[in-house]
Amino acid sequence: MPDVQLVLRSTRVITPEGTRPASVTVADGRIVDVLPHDTEVPPGARLEDVGDDVLLPGLVDTHVHVNDPGRTEWEGFWTATRAAAAGGITTLVDMPLNSLPPTTTVDHLRTKREVAAARAHVDVGFWGGALPDNVEDLRPLHDAGVFGFKAFLSPSGVDEFPALDREQLDRSMTEIARFGGLLIVHAEDPHHLASAPQRGGPKYADFLASRPRGAEVTAITTLIEQARRHGARVHVLHLSSSDALPLIAGARREGVAITVETCPHYLTLTAEEVPDGASEFKCCPPIREAANQDVLWQALADGTIDCVVTDHSPSTADLKTDDFATAWGGISGLQLSLSAVWTEARKRGHDLQDVVRWMSTATARLVGLDARKGAIVAGRDADFAVLAPDETFTVTPAALQHRNRVTAYAGRTLYGVVRSTWLRGERVVTDGEFTEPKGQLLTRPS
């Protein structure tokens with residue numbers, strides 16, 4: 001066993017067995033042990049005592065649009081991973097769009113990895129994409145280490161990443177099931193969307209009506225039917241409609257291998273509070289009403305919803321016009337996700353143990369990284385966030401690390417100040433001061 005090099009000590013360490021005073025020993029970037037709080041520091045080891053601040057495992061965000069290369073003016077690996085680190089996220093998995101090229105071939109994956117390699121302040125993995133014409137590329141991408149395959153059932157918003165129709169979904173799912181891969185799906189039905197009222201302009205109510213709950217229900221019904229037929233593993237991305245929850249719960253009882261995520265904006269923002277013209281709140285599927293939000297929280301509590309991820313999907317500020325029909329649909333949330341979710345969770349009677357389960361443990365399990373990430377356990381990577389959970393701050397866009405500092409959280413007071421973030425036993429950010437990039441590029445465990 002290597003000699004212990006670092007001891008991180010706190011009166012509140014979040015472990016799978018509960019929150020307790022502990023000293024966490026680290027050697028060669030891995031956790032060696034979780035010991036009683038007053039354990040003697042081994043000779044030659046450095047002690048970092050964070051007092052009563054909470055030591056929690058670094059978050060794992062499996063739904064991030066970095067957009068690099070090709071749309072780096074929207075976001076990039078340098079800025080996205082700094083924002084992640086500032087928010088206590090130590091691992092992210094990058095979506096195959098909206099970069100140019102999209103991650104839909106092995107060559108395109110190689111391009112993405114070359115761009116990310118020197119710019120990553122946290123660990124980064126990659127999703128592949130499933131398009132109508134790239135079924136033959138899916139197995140090679142899987143073998144090259146992508147964590148699974150993203151597909152749209154309705155238009156993606158960018159021409160280079162077209163949606164799958166039912167037949168194309170069937171072909172892609174057949175191939176992915178053949179090698180035991182994971183298909184992750186933007187589940188809104190295009191026919192349902194096409195029949196909804198489409199009105200341009202600044203009124204959020206008009207935009208909400210254009211993306212009805214039934215579009216998610218219909219698409220998820222299709223997804224479940226095909227997953228059942230093929231014996232495939234599927235994951236529902238960014239669920240916003242609580243109406244689909246009984247379908248998902250029923251499918252699981254029947255043995256369908258389906259998981260589901262939701263996002264901080266669906267859990268903390270409501271349709272009733274969105275001002276006219278405020279397209280920083282626009283995303284697809286949309287932020288829905290407070291009553292719908294209550295049911296999403298219930299589903300998190302009972303385990304129907306597995307995890308919470310950001311769906312960080314930024315753009316340049318000029319694309320966030322006051323017309324909800326034409327404005328870019330995406331919310332930037334990397335730096336604020338932990339604090340936003342914790343602020344609402346504590347109001348609803350949840351503790352940080354719950355937040356860690358949703359935003360670190362379950363997400364690591366989703367992508368097969370649970371042998372390395374997602375918990376403070378001996379043998380795992382020494383990835384941590386140090387959080388002052390009872391301190392508050394007011395969101396100021398100028399303080400964000402995102403390339404474009406447009407945020408739906410501007411002016412909100414949030415609980416939970418991230419003091420520092422650690423990656424494999426090395427501090428990568430402290431009180432807004434960053435080290436040079438220390439992130440590694442991750443591949444799917446074989």
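So, here's what we can say about the structure. These numbers come from a predicted model, not from an experiment. Each chain has its residues counted from 1, running along the sequence as written. With pLDDT at 70 or above as the cut-off, local features in this predicted model cover only qualifying residues; side-chain atom pairs require 80 or more to be listed or tallied, and sums for whole chains, interfaces and linings still use all residues. Note: side-chain values were computed over all heavy atoms of the structure, leaving out hydrogens and water.

Considering the overall build of the chain
Convention followed: Per the convention used, a helix needs a DSSP run of H or I reaching at least four residues, while a strand needs a run of E reaching at least two, with both numbered from the N terminus. With C-alpha atoms as the basis for the radius of gyration, the globule rule is written as 2.2 Å multiplied by the number of residues raised to the power 0.38. Whether a residue is buried, partly exposed or exposed follows from its accessible area with a 1.4 Å probe, protein chains only, as a fraction of its type maximum: under 20%, in between, or over 50%, in that order. Using a 1.4 Å probe, accessible areas were evaluated by the Shrake-Rupley method; residue-level cover was limited to the displayed protein chains. Charged residues are defined here as Lys and Arg on the positive side and Asp and Glu on the negative side; His and the ends of the chain fall outside this count. Taken as the charge location is NZ of Lys, CZ of Arg, CG of Asp or CD of Glu.
From N to C terminus, the chain includes 12 helices and 18 strands. Relative to the globule expectation of 22 Å for 446 residues, the C-alpha radius of gyration of the chain, 21 Å, shows essentially globular dimensions. Dimensions of the chain, computed from the C-alpha atoms along their principal axes, are close to 70 × 45 × 45 Å. The burial tally for the chain puts 61% of its 446 residues in the buried class. Approximately 16,000 Å² of the chain is accessible, and the part contributed by carbon and sulfur atoms is 49%. Mean positive and mean negative side-chain charge positions of the chain (44 and 60 charges, respectively) differ by 2 Å.

Some words on the environment of Arg 12
Counted only if it meets this: Whether two residues are in contact is decided by their heavy atoms: any pair within 4.5 Å suffices. Pairs of N or O atoms within 3.5 Å make up the polar contacts considered here, provided that, within protein, one atom can donate a hydrogen while the other can accept it, and that residues adjacent in sequence are counted only when both atoms are side-chain atoms.
Its location among the elements puts Arg 12 in strand β1 (residues 6–15). Under the relative-accessibility criterion, Arg 12 is labelled partly exposed at 29%. When the C-alpha positions of Arg 12 and Gly 51 are compared, they lie 8.3 Å apart, and in sequence the two are 39 residues distant. Apart from residues no more than four positions distant in its own chain, Arg 12 is found in contact with Thr 19, Arg 20, Pro 21, Asp 52, Asp 53, Val 54, Leu 55, Pro 389 and Asp 390. Within the structure, Arg 12 has its side chain in polar contact with the backbone oxygen of Asp 52 (distance 2.6 Å).

Some remarks on the side chain of Ser 240
As for its position among the elements, Ser 240 is in the loop between β12 (233–236) and α8 (245–253). Judged by its relative accessible area of 1%, Ser 240 falls in the buried class. At 2.5 Å, the side chain of Ser 240 forms a polar contact with the side chain of Glu 216. With sequence-adjacent residues up to four places away left out, Ser 240 is seen in contact with Glu 216, Tyr 266, Pro 285, Pro 286, Arg 288, Asn 292 and Leu 296.

Regarding empty space enclosed by the protein
Operational definition: The pocket and cavity definitions rest on a 1 Å grid over protein atoms only: a 1.4 Å probe that fits but cannot leave marks a cavity, an open set with protein on both sides within 12 Å along at least five of seven lines marks a pocket, and residues lining either have an atom within 4 Å of a point. Grid points are joined across faces, edges and corners, and a volume is the space filled by probe spheres set on the points. Asp, Glu, Lys and Arg are counted as charged, while Ala, Val, Leu, Ile, Met, Phe, Trp, Tyr, Cys and Pro are counted as nonpolar; the rest, among them Gly, fall into the polar class.
The full count for this structure, using the stated rule, is 7 cavities of 30 Å³ or more. Of the volumes computed, that of the largest cavity is approximately 60 Å³. Contributing to the lining of the largest cavity are Glu 280, Pro 314, Ser 315, Lys 320, Gly 330, Ile 331, Ser 332, Asn 404, Val 406 and Thr 407. Of the residues belonging to the lining of the largest cavity, the class tally is 3 nonpolar, 5 polar and 2 charged.

Quick notes on the sheet that holds strand β10 (residues 149–152)
So the rule is basically this: Criterion used throughout: strands pair if DSSP finds at least two bridges between them.
Strand order in the open sheet formed by 6 strands is β9-β10-β11-β12-β13-β14, and the pairing between neighbours is parallel. Strand pairing shows two members of the sheet lacking a second neighbour, β9 (128–129) and β14 (307–308), which therefore form its edges. Where strand β11 (residues 182–186) and β12 come together, 4 bridges link them in parallel fashion. Bridging across to β12, Ile 184 finds its partner in His 235.

Remarks on helix α11 (residues 337–347)
Most of α11 sits inside the fold, with 9 of its 11 residues counted as buried. Just beyond α11, the residue with positive phi is Gly 349, at close to 90°.

So, the nonpolar core
Here is the rule: Put simply, buried Ala, Val, Leu, Ile, Met, Phe, Trp, Tyr and Cys residues joined by side-chain atoms within 4.5 Å make one nonpolar core.
Ranked by internal contacts, the top residues of the largest apolar core, which has 99 residues, are Phe 149, Leu 183, Leu 239 and Val 355. It is helix α1 (residues 77–86) that contributes the most residues to this core, 6 residues altogether. Judged by nonpolar contacts, the second largest core, of 15 residues, contains Leu 8, Ile 31, Val 50 and Leu 55.

Some words on the packing of helix α7 (residues 213–230) against α8
Threshold: Every axis corresponds to a line fitted to the C-alpha atoms, with the helix fit spanning only the stretch in contact, and the corresponding angles, defined between N-to-C directions, vary from 0 to 180 degrees. The scheme is simple: roughly parallel for angles under 35 degrees, roughly antiparallel for over 145, roughly perpendicular for 65 to 115, oblique for anything else.
Running from amino to carboxyl end, α7 crosses α8 at an angle of 10°, the nearest separation of the two axes being 10 Å. One way to sum up the angle between α7 and α8 is to call them roughly parallel. Residues Val 217, Ile 220, Thr 221 and Ile 224 of α7 pack against Leu 247, Ile 248 and Ala 251 of α8. The class makeup of the residues in the contact of α7 with α8 is 6 nonpolar, 1 polar and no charged.

Structural notes on the sheet that holds strand β7 (residues 89–94)
Pairing in this open sheet of 3 strands is parallel, and the strands run β6-β7-β8 from one edge to the other. One side of each edge strand has no neighbouring strand; the edge strands of this open sheet are β6 (59–64) and β8 (123–126). Each adjacent strand pair in this sheet contributes to an overall mean axis angle of 20°, direction not counted. Relative to β7, β6 runs parallel, the two being bridged by 4 bridges. Bridging from a neighbouring strand, Asp 61 pairs with Leu 92 of β7.

Some remarks on the packing of aromatic side chains
Defined as follows: Classification of ring pairs uses Phe, Tyr and Trp, with its six-membered ring standing for Trp, and accepts pairs whose centres are within 6.5 Å; under 30 degrees between planes counts as stacked, over 60 as edge-to-face, and the remaining range as tilted.
Taken as a whole and judged by the stated rule, the model has 8 aromatic pairs. Seen from their ring centres, Trp 297 and Trp 358 are 5.8 Å apart, and the 70° between their planes marks the pair as edge-to-face. Of the two residues, Trp 297 sits in helix α10 (residues 290–302) while Trp 358 sits in helix α12 (residues 352–366), which places them 61 residues apart along the sequence. For the residue pair Trp 297 and Trp 358, the accessibility class agrees, reading buried in each case.

Focus on the environment of Val 93
Its place among the elements puts Val 93 in strand β7. Relative accessible area serves as the criterion here: at 1%, Val 93 is assigned to the buried category. Considering only alpha carbons, one finds Val 93 and Phe 126, 33 residues apart in sequence, at a separation of 5.1 Å. In contact with Val 93, other than residues within four places in its own chain, are Asp 61, Thr 62, His 63, Val 64, Gly 125, Phe 126, Trp 127, Phe 147 and Val 367.

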